[in-house]
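Remarks on the overall topology
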Amino acid sequence: MHPLLNIAVKAARAGGDTIVRAMDRADTLKVESKAANDFVSEVDRKSEADIIYTIKKAYPDHAILAEESGVTEGTADSDGSEVQWIIDPLDGTTNFLRGLPMFCVSIAVRVNKQLEHAVVYNPVTQDLYSASRGTGAWKNNRRVRVSGRKGLQGALIGTGVPFREDQPLEPYLDLLKDMLPETAGLRRPGSAALDLAYVASGTYDAFFETHLSPWDIAAGMLLVQEAGGMVSDYYAKNDSLKNGTIIAATPKVHLKMLDLIAPRAKALIGKA
């Protein structure tokens, strides 16, 4: 295991332990609203602090991009590499607060602006998804690949439903009207990082969502790519981390998803 991935796993488990210890008292936690229907708890912040502590203990000079604490600048390694850790300490906060076991820790490592290592960890099931560029994707100690689905017929697709005022709902519903009859169904668990891990492991055949942040999807993107899947934004470009739109799927399902989504991209994104 690459040293950077090893620390990412260690950090994810540290954050996950913090989350699990707080599960029985989720109803008593201090919770703040960052925006309408967008929450942060003291557990998010504690998990993030534990993750960053683990990383900084091993790599004190590396840069950090974390959901709650923002950007921390770093300095180049001795070989000149610029390393940035992209962290979501609790993806699925609302699920956690309501007792739904669909949440995770997500950590990606970007070296010279390219995603190189990824970990998505569900502390409830203790399922650990990991990947390093060029070495495949793994669930626990088993290598995983995207499903063999060749089209939308029979496909199980993960998504995220628009839930804020700046996220257009009608174009999304129109998309579903065309998509649903072709598929085996849609799922909306509420954690984009886990959704992408499910695509990588073949549980889902595809995932799409709009208005996401880099920490939501960075690790999952690499997992899907290393599992043999395709990842793009709504315009078939590699700009998901910049514009917050993503389609991740088996190669042939990805093409079918683009056919449905690309013509609607601007309407789906709206003002955001």
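Thresholds applied
- Residues numbered from 1 in each chain as written.
- Predicted model: local features only at pLDDT ≥ 70, side-chain atom pairs only at ≥ 80, totals over all residues.
- Heavy atoms only, no water.
- Helix = DSSP H or I, 4+ residues; strand = E, 2+ residues; numbered from the N terminus.
- Rg over C-alpha atoms; globule rule 2.2 N^0.38 Å.
- Buried < 20%, exposed > 50% of the residue type's maximum accessible area, 1.4 Å probe, protein only.
- Contact = heavy atoms within 4.5 Å.
- pLDDT = per-residue confidence, 0-100.
- Pairing = 2+ DSSP bridges.
- Right-handed = clockwise from strand over helix to strand, strands pointing away.
- Axes fitted to C-alpha atoms, helices over the stretch in contact; angles between N-to-C directions.
- Core = buried A, V, L, I, M, F, W, Y, C linked by side-chain atoms within 4.5 Å.
- Salt bridge = Lys/Arg side-chain N within 4 Å of Asp/Glu carboxyl O.
- Expected span 1.5 Å × (residues − 1).
- Parallel < 35°, antiparallel > 145°, perpendicular 65-115°, else oblique.
- Left-handed = near helix turned anticlockwise from the far one by under 90°.

Observations concerning the overall build of the chain
- Counting its secondary structure elements, the chain contains nine helices and 15 strands.
- Computed over its C-alpha atoms, the radius of gyration of the chain comes to 18 Å, within 12% of the 19 Å expected for a compact globule of 272 residues.
- Over its C-alpha atoms, taken along the principal directions, the chain stretches across nearly 50 × 45 × 35 Å.
- Buried residues in the chain amount to 54% of all 272 residues.
- Residue pairs at least 24 apart in sequence account for 61% of intrachain contacts in the chain once pairs closer than 6 positions are excluded.

Describing the confidence of the model for the chain
- Confidence along the chain averages 92 in pLDDT terms, with 94% of residues attaining 70 or more.
- Between residues 35–39, whose pLDDT stays under 50, and residues either more than four places distant or in other chains, the model counts 13 contacts.

Description of the pairing of strand 11 (residues 156–159)
- Every second residue of strand 11 is oriented toward a common face, with Leu156 and Gly158 on one face and Ile157 and Thr159 on the other, all of them buried.
- Note: strand 11 against strand 12 (residues 185–187), three bridges, orientation parallel. Within strand 12, the residue paired with Ile157 across the bridge is Leu186.
- Regarding topology, helix 4 (residues 170–179) serves as the crossover connection from strand 11 to the parallel strand 12, and that connection is right-handed.

A short note on the sheet that holds strand 13 (residues 206–209)
- Here we have five strands laid out as an open sheet, ordered 12-11-13-15-14, and mixed in their pairing. The open sheet has two free edges, formed respectively by strand 12 and strand 14 (230–232), since each of these has just one partner strand. Taking the axes of each pair of neighbouring strands and ignoring which way they run, one obtains an average angle of 15° across the sheet.
- The pairing of strand 13 with strand 15 (residues 246–249) spans four bridges and is classified as antiparallel. Bridge pairing in strand 15 links Ala206 to Ala249.
- Each of strand 11, strand 12 and strand 13 is contacted by helix 4, which is oriented at about 160° to strand 13, the strand it contacts most.

Examining the pairing of strand 6 (residues 104–111)
- Burial within strand 6 is extensive, with seven of its eight residues counted as buried.
- Sheet analysis places strand 5 (residues 83–91) next to strand 6, joined by seven bridges and oriented antiparallel. Across the sheet, the residue bridging to Val83 is Val111, located in strand 6.
- As paired strands, strand 6 and strand 7 (residues 114–122) are joined by seven bridges and run antiparallel to one another. Its bridge partner being in strand 7, Val109 is matched across the sheet by His117.
- If you look at the hairpin formed by strand 6 and strand 7, you'll find two residues sitting between the two strands, and Asn112 has a positive phi there, around 50°.

Regarding the nonpolar core
- In terms of nonpolar packing, the biggest core is built from 36 residues, with Val120, Leu223 and Ile246 touching the most fellow members.
- Residues in contact with Ile246, not counting those within four places in the same chain, are Leu196, Phe207, Phe208, Glu209, Leu212, Ile217, Met221, Val231, Ser232, Asp233, Tyr234 and Ser240.
- Counting residues in hydrophobic clusters, the runner-up holds 28 residues, among them Ala8, Val43, Ile64 and Ile87.

A word on the pattern of salt bridges
- Counting across every chain of the model gives five salt bridges.
- With a closest N to O distance of 2.8 Å, Lys46 and Asp50 form a salt bridge. Here Asp50 and Lys46 lie together in helix 2 (residues 42–58), a separation of four residues that amounts to about one turn.
- A residue is classified by how much of its surface remains accessible, and Lys46, at 41% relative accessible area, is partly exposed.

So, helix 6 (residues 214–226)
- With 13 residues, helix 6 ought to run about 18 Å at 1.5 Å a step, and its terminal C-alpha atoms sit 18 Å apart, in line with that.
- A large share of helix 6 lies buried, amounting to eleven of its 13 residues.
- When we look at burial in helix 6, the residues that qualify are Trp215, Asp216, Ile217, Ala218, Ala219, Gly220, Met221, Leu222, Leu223, Val224 and Glu226.

Examining the packing of helix 1 (residues 3–22) against helix 2
- Relative to each other, helix 1 and helix 2 sit at 155°, their axes nearing to 8 Å. Judged on the interaxial angle alone, helix 2 and helix 1 are roughly antiparallel. The element helix 1 and its partner helix 2 pack so that their crossing is right-handed. Seen from helix 1, the contacting residues are Ile7, Lys10, Ala11, Ala14, Gly15, Thr18, Ile19 and Ala22; seen from helix 2, they are Val43, Lys46, Ser47, Asp50, Ile51, Thr54, Ile55 and Ala58.

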